[in-house]
Each structure stands twice: as C-alpha cells, then as structure tokens.
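Okay, here's what each chain looks like letter by letter:
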Amino acid sequence: MTTTRRAVLAGSAALATGALLGTSEAQAEAKPKPTVVLVHGAFADSSGWNDVSARLIRENYPVIAPANPLRGVAADSAYLASLLATLSGPIVLAAHSYGGIVVTNAAIGNANVKALVYVAAFAPDQGESLLDLQNKYPGSKLNEAALDFRPYGDGLVEGYIKKEVFHGVFAGDVPRATTDLMQAGQRPADTRTLGEPSGAPAWKTIPSYYLIARNDQVLPVAAQRFMARRAGSRVHEVGASHVAMISQPSMAADLIKSAAR
C-alpha cells in the first residue's frame, strides 16, 4: 500500500470517527431534560426558589414552581400529585422544609419521577409527622412561642412566624431587607399539618438527594442527617440557615442538576 493511500484511509477513518462522536454529542444534547418541579414549604412561597430557578432555566431545564396550598399533608400531596400527572417525560422533584413531606407522598405511583431532592426538608417514613421529626433531636427554635396563631374558617387555625424572630429562626444568613419582605409575605400553614401522619414514602423506591443545612434553626441538622441516611440519599452539606436554597442557590441548583442527569 502506498503512503498516499495509507494517508487517505487514515483520514477517512478519522472523519468517520469524528462524525460518530459528533452524532453522539448531538444526540446527548437533543435528549430532553427532566422537568424540575420546585415545592416550597410553610411560611414561604415559590419565590424562595427564584435564584435556583434562574440557574436551571439558563441551562434549559423546564421548571415549574407551583403554589403549595399549605392546607394539610394529604390535601397538599393530592394537589401536587394531580399537577405531576399532567407532565410528560421525566421529572425531578425538589422540596424545601414542609414541602418534603408533600413530595414524599405525591411521588408515589408516578413512574415519571426519577429523583427526589430534599433541601433542609422533611423526609418522613410512613406514620411520622412533622412534629415527630422536628422534635426527634434538640435544637429547633421554631416552637409555639415563635408563632402567631390566627383563627380562620370553622374552628381552624393558621400559624405565622413572629416578626421579631423571623430572621434569626428562619433565615439568619439572608439580609434583613430580604427577610423583612419574606416575613411580611409569608404564607401560613394550617396547624393541623404539624401532627398529620405521612403515608408510604416515595424515597423507598425513588433515588433521593439531600442538601443538609448545618446552621438550621428550624429543622435540626441531626434530624436532617438522620432522614438523609435512612433514605439512602446522596448527601451534600452546606453552612446555611433553613432557607439554603435562598442563601446558597448554586449549591441547591447543582444538586438538582446532579439528580437530573
């Protein structure tokens, strides 16, 4: 074989390999990304996910941050499950705080949910309540003295975090100008949610990830580590308050992207 012929064949092989690699890369790029559903907790609204949402949207993730009704574990979980049922393709569910108990229940039976991401969130087992987990270990400052209670409806009661403790208890690493707005616009939770038992947990059958907030004054770090370990979650820890997705949005977004791969 002549030198010229060898060069031509080698060049052709290189071009073919490059074309195959290019095709694989194009296919990878064309693969649709999971829809990321971001679920907020009590005393908050979907705006708490804004900085995380912005990072995900910039990388072309479809994002939905629904309004969690905050009316009760079973009712809120049913609401979220009905929303998830309208989505096609893979889903990554990410939750903060009380939102964790909601996604734990709402994901059951939905084959499209490929991962659960808990951000300083409750990940209960069947029969456990928020109070069970919040008081399992010492350290929570979100107690009865920190709340204002306001009646509504027929004998029902909502709870709000008091203005004077909101910053220190809920979001100590967020600027006060921001937490003043968060406190003013907080969405209260029906107090019945505190003792309402959870159903069968989705984390037993769906892979989970957990962002632990080491400086959390609402959900003790020991409780977060316990739940993450029990669920077999892939764990990242960050020096953050309870609202880690607000004070550390890059960490939260990166963990969600890991779950979405």
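Residues numbered from 1 in each chain as written. Predicted model: local features only at pLDDT ≥ 70, side-chain atom pairs only at ≥ 80, totals over all residues. Heavy atoms only, no water.

**A look at the pairing of strand β9 (residues 234-238)**
Working step 1: For strand β8 (residues 208-213) and β9, the ladder comprises 5 bridges, and the chain directions are parallel. Residue pairing for β9: I212 is matched across the bridge by E237.
Working step 2: For the handedness criterion, the β-α-β arrangement of β8, helix α8 (residues 221-231) and β9 is classed as right-handed. (Pairing = 2+ DSSP bridges. Helix = DSSP H or I, 4+ residues; strand = E, 2+ residues; numbered from the N terminus. Right-handed = clockwise from strand over helix to strand, strands pointing away.)

**Description of the confidence of the model for the protein chain**
The predicted coordinates of low-pLDDT regions are not to be read in fine detail.
Working step 1: Scored by pLDDT, the protein chain comes out at a mean of 92, with 89% of its residues at no less than 70.
Working step 2: Mean pLDDT across the secondary structure elements of the protein chain bottoms out at helix α1 (residues 3-30), with 48, and peaks at strand β1 (residues 35-39), with 99.
Working step 3: Note on residues 7-21: pLDDT under 50 across the span, and 1 contact to partners over four residues away in sequence or across chains.
Working step 4: For residues 23-28, every residue scores under 50 in pLDDT, and the model assigns this stretch 0 contacts once sequence neighbours within four places are set aside. (pLDDT = per-residue confidence, 0-100. Contact = heavy atoms within 4.5 Å.)

**Brief notes about the sheet that holds strand β2 (residues 63-64)**
Hydrogen bonding along the main chain pairs the strands of a sheet, whether they run parallel or antiparallel.
Working step 1: Taken together, 6 strands build an open sheet; the order of strands is β2-β1-β3-β4-β8-β9 and the sheet is parallel. A strand with exactly one partner marks an edge of an open sheet, and here the two such strands are β2 and β9.

**What about the sheet that holds strand β7 (residues 189-190)?**
Working step 1: Sheet architecture is open: 3 strands sit in the order β5-β6-β7, paired in antiparallel fashion. Taken across any chain shown, the strands that pair with only one partner, and hence form the sheet edges, are β5 (147-152) and β7.
Working step 2: Bridge count for strand β6 (residues 156-161) against β7 is 2 bridges, and the pairing is antiparallel. Following the sheet pairing, G159 is matched in β7 by A189.

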